[in-house]
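Chain by chain, the residues run as shown.
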Amino acid sequence: MSTQDAPERGQAVLEGPAPRVLLIQAPYYAQVVGGMRDGALAVLEQVGARTEVVDVAGAFELPAALRMALNAKGERGGHDGYLILGCVVKGDTDHYEHICREACRGVMDITVETAAPVGFALLTVATLQQAIERSRPDRHNKGAEAAHALIGQIALARSLGLSE
């Protein structure tokens, strides 16, 4: 799917109380992650989310930060959901492949293990320009897409009795 094929998403809707969301970001590429964060926050505001933002050094630290947040106040960490944002741009070494694979695997393992609602947008791109295109304030914004996914996961957890 090209970025031209990105779906139009409507207003975010979530029944029940405003969710508490922890947004964990790796702002190594500040312009890109900032754009994704802005897109995500706009979506989260539609459901009245109370959002806290924390920074980590880079993509490799994202899974550990998620685990720390979950452990901070019990298995659910005192939040209804977690939003993970970051960006890795391919360089000349295989470092890119290792970081992308392990960051994604780490977040997935924690999500499956804990059933915590997580929205995940780690851009893994060949060029900085590709990342910029995916962080603009339009329907291609991957932070906004991750926020929509997170809201869906929170709604699912609530419907299954896993959350308030």
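Treat the numbers as computed from the prediction; the structure is a model and nothing was measured. (Residues numbered from 1 in each chain as written. Predicted model: local features only at pLDDT ≥ 70, side-chain atom pairs only at ≥ 80, totals over all residues. Heavy atoms only, no water.)

(A) Local environment of a nonpolar patch on the surface. Side chains of Leu156, Leu160 and Leu162 sit close together on the surface and give an oily, nonpolar patch of about 280 Å² of accessible area. Relative to the elements of secondary structure, leucine 156 occurs in helix H5 (residues 142–159). Look at leucine 156 and you get partly exposed, because its relative accessible area is 41%. (Patch = residues over 30% accessible without salt bridge, like charges linked within 9 Å, V, L, I, M, F, W, Y side chains within 5 Å. Areas by Shrake-Rupley, 256 points an atom, 1.4 Å probe, with all protein chains shown as cover. Salt bridge = Lys/Arg side-chain N within 4 Å of Asp/Glu carboxyl O. Helix = DSSP H or I, 4+ residues; strand = E, 2+ residues; numbered from the N terminus. Buried < 20%, exposed > 50% of the residue type's maximum accessible area, 1.4 Å probe, protein only.)

(B) Structural context of the UniProt feature "binding site: (2S)-2-hydroxy-3-oxobutyl phosphate" (unreviewed entry) in the protein. UniProt marks Asp92, Thr93 and Arg134 with the feature "binding site: (2S)-2-hydroxy-3-oxobutyl phosphate" (unreviewed entry), using the numbering shown here. Across 43 residues of sequence, these annotated residues are also dispersed in space, with a maximum C-alpha separation of 23.4 Å. Mapped onto the secondary structure, aspartate 92 falls in the loop between strand E3 (81–89) and helix H3 (95–114). Looking at aspartate 92, the relative accessible area reads 86%, which means it is exposed. Tracing the backbone shows arginine 134 in the loop between helix H4 (128–133) and H5. (UniProt positions renumbered as here; feature names shortened; annotations may be inferred.)

(C) Up close: the pattern of salt bridges. Summed over all chains, the structure comprises seven salt bridges. In this structure, the salt-bridge partner of aspartate 38 is arginine 37, at a minimum N-O distance of 4.0 Å. Of the residues examined, aspartate 38 reaches a relative accessible area of 47% and is grouped as partly exposed. With a relative accessible area of 24%, arginine 37 lands in the partly exposed category. Beyond isolated ion pairs, a larger network of salt bridges with shared partners links Arg101, Glu102 and Arg105.

(D) Region of the structure containing the UniProt feature "active site" (unreviewed entry) in the protein. Here, UniProt's "active site" (unreviewed entry) annotation points to His95. Tracing the backbone shows histidine 95 in helix H3.

(E) The sheet that holds strand E2 (residues 50–55), seen in detail. The four strands are arranged E2-E1-E3-E4 in an open sheet whose pairing can be described as parallel. With partners counted over all chains shown, the strands left at the sheet margins are E2 and strand E4 (118–125), one partner each. Recorded for the sheet is a direction-independent mean angle of 15° between the axes of neighbouring strands. Across the sheet, helix H2 (residues 62–72) is in contact with strand E1 (20–25), E3 and E4; its angle to E3 comes to roughly 165°. In this fold H5 packs onto E1, E3 and E4, with an angle of close to 155° to the strand it touches most, E4. (Pairing = 2+ DSSP bridges. Axes fitted to C-alpha atoms, helices over the stretch in contact; angles between N-to-C directions. Contact = heavy atoms within 4.5 Å.)

(F) Region of the structure containing the nonpolar core. Judged by nonpolar contacts, the single largest core of 27 residues is most densely connected at Val21, Leu44, Leu83, Leu85, Cys87, Leu123 and Ile151. Elements supplying a minimum of two residues to this core: E1, helix H1 (30–46), E3, E4, H4 and H5. Setting aside chain neighbours within four positions, we find valine 21 in contact with Leu44, Ala49, Arg50, Thr51, Glu52, His79, Gly81, Leu83, Leu150 and Ile154. Ranked by size, the runner-up nonpolar core spans 22 residues in total, among them Leu62, Ala69, Tyr96 and Ile99. (Core = buried A, V, L, I, M, F, W, Y, C linked by side-chain atoms within 4.5 Å.)

(G) Inspection of the pairing of E3 at higher detail. Across the nine residues of E3, nine count as buried, placing the element largely inside the fold. Burial along E3 is two-sided: Gly81, Leu83, Leu85, Cys87 and Val89 facing one way and Tyr82, Ile84, Gly86 and Val88 facing the other are all buried. When E1 meets E3, the two strands line up parallel, connected through five bridges. Among the inter-strand pairings, isoleucine 24 is bridged to a residue of E3, identified as isoleucine 84. As judged from the eight bridges shared by E3 and E4, these two strands associate in the parallel manner. Looking across to E4, one finds that tyrosine 82 is bridged to valine 118. What joins E3 to E4 is H3, and the crossover it makes is right-handed. (Right-handed = clockwise from strand over helix to strand, strands pointing away.)

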